[in-house]
Amino acid sequence: MGHERAKRAAAEQASLLVEDGMRVGLGTGTTVAFLLPALAARSLDIVCVATSPATEKQARSLGLDVRAFAELERLDLAIDGADQVDPAGWLVKGGGGAHTREKIVAAAAEHFVVIVSADKLVGEITPPVPLELLSFGLASTLRQLGEVRLRPGPPSPDGGVIADWYGEIRGLAELAGRLDAQPGVVEHGLFPAEMVETVIAGDEEGGARKVKG
Ligand code: 5RP
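Along each chain, the written sequence defines residue order, and numbers are assigned to residues from 1. Reporting in this predicted model follows two pLDDT cut-offs: at least 70 for local features of residues, and 80 or more for side-chain atom pairs to be given and counted; totals over whole chains, interfaces and linings ignore these cut-offs and use all residues. Heavy atoms throughout the structure, all of them, feed into the side-chain values; hydrogens and water do not.

Student: Is there a simple way to think about the packing of aromatic side chains in this case?
Tutor: Each pair of aromatic rings is reported with the distance of its centres and the angle of its planes. Working definition: a ring pair exists when centres of Phe, Tyr or Trp rings (six-membered ring for Trp) sit within 6.5 Å. Plane angles under 30 degrees give stacked, over 60 give edge-to-face, the rest tilted. Throughout the structure, instances matching the rule amount to one aromatic pair. Charge-over-ring contacts are defined here by two conditions on Lys NZ or Arg CZ: a distance within 6 Å of the ring centre and an angle within 35 degrees of the ring normal. A cation over an aromatic ring shows up here: Lys-93 above the ring of Phe-191, its NZ or CZ 5.8 Å from the ring centre.

Structure below.
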């Protein structure tokens, strides 16, 4: 998977932002996989929601209290990884196909903290942009979207088809708006900078620094 030291450093620093009594959203991916043991080791009295079955399984095995998200109206903090982070704080997420649940959890949280290895910091966001699509009308949705490739592998936990958009990015807000408006697109992996309060980037020496927030 690579960049383990950097991912661990970012994850461990973010785990210190969690306080007793918080309702915490847990992201998905290899960076979050380092967050969960760091969080469990603090033995805090917290309630968590998970953005994927894999995170839920790992969190439960570490003794974290994971609840169904239907039970909680809002979260204090959500912590998640990203595939790309631009200088303003726009993200591309969904490398693991979990971006729909990840965006719902991030939107529910008062504070959204992103943890990445420093190689994820990019000057400019480039394709692919992950998509989750409804299988109903799939061929028509694909035709309307243009340059999209279906991703091999299972559907999302919510039955969505995971795909990647490879078109030309002329503007992030314009593209996000276009994908939001496309019937058949359940969710896309562009997260606007306004959603992202803090970005913590880890380096290969085991250090971590806030690059946003
Ligand atoms: C999953 C995600 C992940 O957070 C993103 O792909 C980063 O993963 P990793 O921490 O393994 O590099 O969006 O849908």
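Student: Looking at this structure, how should I read the packing of helix H2 (residues 32–40) against helix H3 (residues 53–61)?
Tutor: Helix packing geometry: the angle between the two helix axes and the distance between the axes. Closest axis-to-axis distance for the H2/H3 pair is 9 Å, and the angle between their directions is 25°. Here H2 is positioned roughly parallel relative to H3, judged by the angle of their axes. Of the two possible hands of crossing, H2 and H3 adopt the one that is right-handed. Between H2, through Val-32, Ala-33, Leu-36 and Pro-37, and H3, the contact on the second element is made entirely by Thr-55, Gln-58 and Ala-59. Under the convention adopted here, Pro, Cys and the residues Ala, Val, Leu, Ile, Met, Phe, Trp and Tyr are nonpolar, Asp, Glu, Lys and Arg are charged, and Gly plus all remaining residues are polar. Within the contact of H2 with H3, the residues separate by chemical class into five nonpolar, two polar and no charged. Angular values range over 0 to 180 degrees, each being the angle between N-to-C directions of two axes fitted as lines to C-alpha atoms, with helices fitted over their stretch in contact. Numbering goes from the N terminus for both helices and strands, where a helix is a DSSP run of H or I of at least four residues and a strand is a run of E of at least two. The cut-offs work like this: below 35 degrees is roughly parallel, past 145 is roughly antiparallel, 65 to 115 is roughly perpendicular, and the gaps in between are oblique. Each crossing gets its hand from how the near helix is turned against the far one by less than a right angle, where anticlockwise is left-handed and clockwise is right-handed. Residues are treated as being in contact if the distance between any of their heavy atoms lies within 4.5 Å.

Student: Looking at this structure, how should I read the sheet that holds strand S6 (residues 109–117)?
Tutor: Across a sheet, strands are paired by hydrogen bonds formed along the backbone, either parallel or antiparallel in direction. Paired strands, as defined in this entry, are two strands with at least two bridges between them according to DSSP. The sheet built from six strands is open, its strands ordered S2-S1-S3-S6-S12-S13 with mixed pairing. The strands lining the two open edges of the sheet, one partner per strand, are strand S2 (47–50) and strand S13 (208–212). Each strand of the sheet is rotated relative to its neighbour by a mean of 25°, with strand direction disregarded. Sheet topology note: the S6/strand S12 (residues 198–202) ladder contains five bridges and is parallel. Bridge assignment links Ile-115 to a residue of S12, and that residue is Ile-200. Where helix H4 (residues 99–108) meets the sheet, its contacts fall on strand S1 (23–26), S2, strand S3 (75–80) and S6, and the angle it forms with S6 comes to roughly 130°.

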